[in-house]
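# Reading the structure
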Amino acid sequence: MKKIVFALFFVSNMTLASGLSTMAEWVKAVPASSKMSAAYFHIHNETDKSVDLVKASSSYSKVVEIHTHVNDKGVMKMRKVSKLPVPSKGMVMLEPKGNHLMLIGLKKKIGKEDKVDITLEFSNGEKLKVMAPVKKLGGHGSHDHDHSHHH
Ligand SMILES: [Cu+2]
């Protein structure tokens, strides 16, 4: 009986949180010496109201910031934002060179096989827990520099 109760709780917490859900979650693999990484996923909003992602946290880092990229005179730069809107009956994508979560001040090594826990908090008070597998950023590995100006 206990098992069933737990399973129901798990399901409702992960995917059915009244209309908000995530997909395609992943965290960027970084060298053990790195103090930062980034998390990417899609947030879907099936509800009638738009909501904002207002906060995020993880057991892996001291701080999780919400970032976006803005075009500053032709150069794409990261910028911290206080919220990320998720439109009603729509979605927002967090992906490389776009919106993302920044894990700053890593407290432990992000292993290849890890699933990184991230708790998302929304303007309507809802929380979503994301378990994001670790993946290498595709391409030529030339993207790390654009995260280095921060701290
Ligand atoms: Cu960033």
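Further up the page is the structure itself.
Below you will find a few notes about this structure. As the structure is a computational prediction, the values presented were derived from the model and not from experiment. (Residues numbered from 1 in each chain as written. Predicted model: local features only at pLDDT ≥ 70, side-chain atom pairs only at ≥ 80, totals over all residues. Heavy atoms only, no water.)

## Overview of the overall build of the protein
For the protein, the count of helices and strands is one helix and ten strands. Of the regular secondary structure in the protein, the N- to C-terminal order runs α-β-β-β-β-β-β-β-β-β-β. Counting across all 151 residues of the protein, residues that qualify as buried make up 41%. The long-range share in the protein, meaning contacts at least 24 apart out of those at least 6 apart in sequence, stands at 68%. Of the accessible surface of the protein, which amounts to about 9,000 Å², a share of 58% is contributed by carbon and sulfur atoms. (Helix = DSSP H or I, 4+ residues; strand = E, 2+ residues; numbered from the N terminus. Buried < 20%, exposed > 50% of the residue type's maximum accessible area, 1.4 Å probe, protein only. Contact = heavy atoms within 4.5 Å. Areas by Shrake-Rupley, 256 points an atom, 1.4 Å probe, with all protein chains shown as cover.)

## Topic: the packing of aromatic side chains
Counting across every chain of the model gives one aromatic pair. Judged by centre distance (4.5 Å) and plane angle (35 degrees), the ring pair of W26 and Y40 falls under tilted. Placement of the pair is W26 in strand β1 (residues 20–28) and Y40 in strand β2 (residues 36–45), with a sequence separation of 14 residues. Summarising the burial analysis for this pair, W26 and Y40 share the class buried. (Phe/Tyr/Trp six-rings, centres within 6.5 Å; stacked < 30°, edge-to-face > 60°.)

## Details of the coordination of the copper ion
Looking at the copper ion, the protein donor atoms are H67 (ND1), M78 (SD), H100 (NE2) and M102 (SD), and they sit 2.1 to 2.2 Å from it. Viewed at the metal, the four donor atoms of the copper ion are separated by angles of 89 to 134 degrees, and the geometry they form is tetrahedral. Sequence spacing of the donors to the copper ion: H-x10-M-x21-H-x1-M. Remark: M78 occurs in strand β5 (residues 75–81) and H67 occurs in strand β4 (residues 61–72); sequence separation between them is eleven residues. In terms of burial, H67 and M78 fall into one category: buried. (Donors = N, O, S within 2.8 Å, 3.2 Å for Na, K, Ca; no water. Tetrahedral: all angles 85-135°; square planar, octahedral: opposite > 155°, others 65-115°.)

## Observations concerning the nonpolar core
Within the largest apolar cluster, 28 residues are counted, with the highest numbers of intra-cluster contacts made by I43, L53, L101, V116, I118, L120 and F122. Setting aside chain neighbours within four positions, we find I43 in contact with S21, T22, L53, V86, G90, M91, V92, L94 and F122. (Core = buried A, V, L, I, M, F, W, Y, C linked by side-chain atoms within 4.5 Å.)

## Quick word on the environment of A132
With respect to the element layout, A132 can be found in strand β10 (residues 127–135). Classification of A132 by relative accessible area gives buried; the value is 1%. If sequence neighbours within four positions are ignored, A132 has contacts with E25, W26, V27, D114, K115 and V116.

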